[in-house]
Amino acid sequence: MFELVASLCLIAAADVCRDVLIPGHESVSRSECQDRIRTLSLPDFSAYRQPVEPRCVPLGPTADFVDVGGGVFVHRGQISDVGPFNFGDVSNVAFVVGDRSIAVIDAGGSRKIGEAVYRAIRQTSDLPISHLVLTHMHPDHVFGASVFADAGARIVGHRKLARALGDRAESYTTSFTNRMGAAAFIGTRIVAPDLEVDEPVELDLGGRTLVVRAWPVSHSHTDITAFDGKTGTLFAGDLMFHLHTPAVDGSVRGWQSVLKDLAAIPARQVVPGHGGPILDWPESAAPLMRYLAVLEADTRAAIDRGVSLSKAVDVIGRSEAANWDLFDLFNPRNATVAYTELEWE
Ligand SMILES: [Zn+2]
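Residues numbered from 1 in each chain as written. Predicted model: local features only at pLDDT ≥ 70, side-chain atom pairs only at ≥ 80, totals over all residues.

Caption draft 1: Seen up close, the overall build of the protein. Within the protein one finds ten helices and 16 strands. Over its C-alpha atoms the protein spans a radius of gyration of 21 Å, differing by no more than 12% from the 20 Å that the globule rule assigns to 345 residues. Among the 345 residues that make up the protein, the fraction classed as buried is 47%. Long-range pairs, those at least 24 residues apart, make up 68% of the contacts in the protein between residues at least 6 apart in sequence. (Helix = DSSP H or I, 4+ residues; strand = E, 2+ residues; numbered from the N terminus. Rg over C-alpha atoms; globule rule 2.2 N^0.38 Å. Buried ≥ 20, exposed ≤ 12 C-beta atoms within 10 Å, placed from the backbone. Contact = placed C-beta atoms within 7 Å.)

Here you go:
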């Protein structure tokens, strides 16, 4: 199999380049692929050095997915910080195959990872990818989105997602470029949703629907979930963490409240944003709920004793250290969020 790529190079550095996949032109032979170049309309690559010359190459790397049955496939991202060896493959991605089309849930942390996901989907089914559901604003979940937008998918996100991504675009881009390397990041761009979720929305894939719901401030300010009634699968995004230290970028109290509502959804399994990638629901949420309860209790105790924030971050949540990976990377930030939230109650 062959695919079409464009070698994109930075305007500021002509030797920093990456072959970026142009989706939708996968072909069984090189000549068939080359025939497609003549009628090709290129995605917007104006941010890169011109001219862009598309060419045909053998298929690139494919992300690993587990077939969990019923047309649901899940990829487990590494439990790791973003770095030059994982290119932002540090969060889970899933896709659901209907009779007429496919929905993808989250997109990985770079265009490069999104491309590997796209190839894995194409090896499973030729149906169109109708929707990409972005569970929330964090860059490890959204930076792979552009390949799906280029493939014609509607981008589904919380009604506050576009604004939130706009506010953080620059810092997310700088941070991920520095951490994975400028070449690996080439082709990555932020994509705003074109289907904004406020009230629940049903995505019809043919023979099955995904119910997408927006939640109040909890893990972040932009959390949505997707529920597949056919298999009883809840795609929770980062409203559910497993093994990876939970990250609070919204509200501790809000997250606890949302978890109670999520537990009432008639799901039998969950795809968390990190870990898993497929777990029993709601039983598997117990460690996350315990962590949030400890975070809240320790924070209230520190505030009651008059401990300053700078001293409190070293003690809040400490008893949970052995239970989670990447604890020292995330727990101090969580303690800060919790302290700031609860000190004014
Ligand atoms: Zn997140």
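Okay, back to it.
Caption draft 2: Quick peek at the packing of helix 8 (residues 286-304) against helix 10 (residues 327-342). Running from N to C, helix 8 and helix 10 cross one another at 60°; their axes reach a closest spacing of 9 Å. With respect to helix 10, the element helix 8 is oriented oblique. In this structure, the crossing between helix 8 and helix 10 has a hand that is right-handed. Packed against helix 8, whose contacting residues are Leu 295, Glu 296, Thr 299, Arg 300, Ala 302 and Ile 303, the element helix 10 presents Asn 334, Ala 335, Ala 338, Tyr 339 and Leu 342 at the interface. (Axes fitted to C-alpha atoms, helices over the stretch in contact; angles between N-to-C directions. Parallel < 35°, antiparallel > 145°, perpendicular 65-115°, else oblique. Left-handed = near helix turned anticlockwise from the far one by under 90°.)

Caption draft 3: Spatial organisation of helix 8. End to end, helix 8 covers 27 Å across 19 residues, agreeing with the expected 27 Å (1.5 Å per residue, within 8%). Against the buried residues of helix 8 lie strand 14 (233-241), helix 7 (252-263), helix 9 (309-312) and helix 10. (Expected span 1.5 Å × (residues − 1).)

Caption draft 4: Here's a closer look at the nonpolar core. Counting residues in hydrophobic clusters, the biggest one holds 93 residues, and the most contacted among them are Ala 94, Phe 95, Ala 103, Val 104, Leu 132 and Phe 148. Excluding residues within four positions of it along the chain, Val 104 makes contact with Phe 95, Ile 121, Ile 129, Leu 132, Phe 148 and Ala 153. (Core = buried A, V, L, I, M, F, W, Y, C linked by C-beta atoms within 7 Å.)

Caption draft 5: Molecular detail of the packing of helix 7 against helix 8. Direction vectors running N to C along helix 7 and helix 8 enclose 150°, while the axes themselves pass 10 Å from each other. Accordingly, the angle class assigned to the pair helix 7 and helix 8 is roughly antiparallel. Between helix 7 and helix 8 the crossing geometry is left-handed. For the pair formed by helix 7 and helix 8, the contact residues are Val 252, Trp 255, Gln 256 and Leu 259 on the first element and Met 289, Leu 292, Leu 295 and Glu 296 on the second. Residue composition of the contact of helix 7 with helix 8, grouped by class: six nonpolar, one polar and one charged. (Nonpolar A, V, L, I, M, F, W, Y, C, P; charged D, E, K, R; others polar.)

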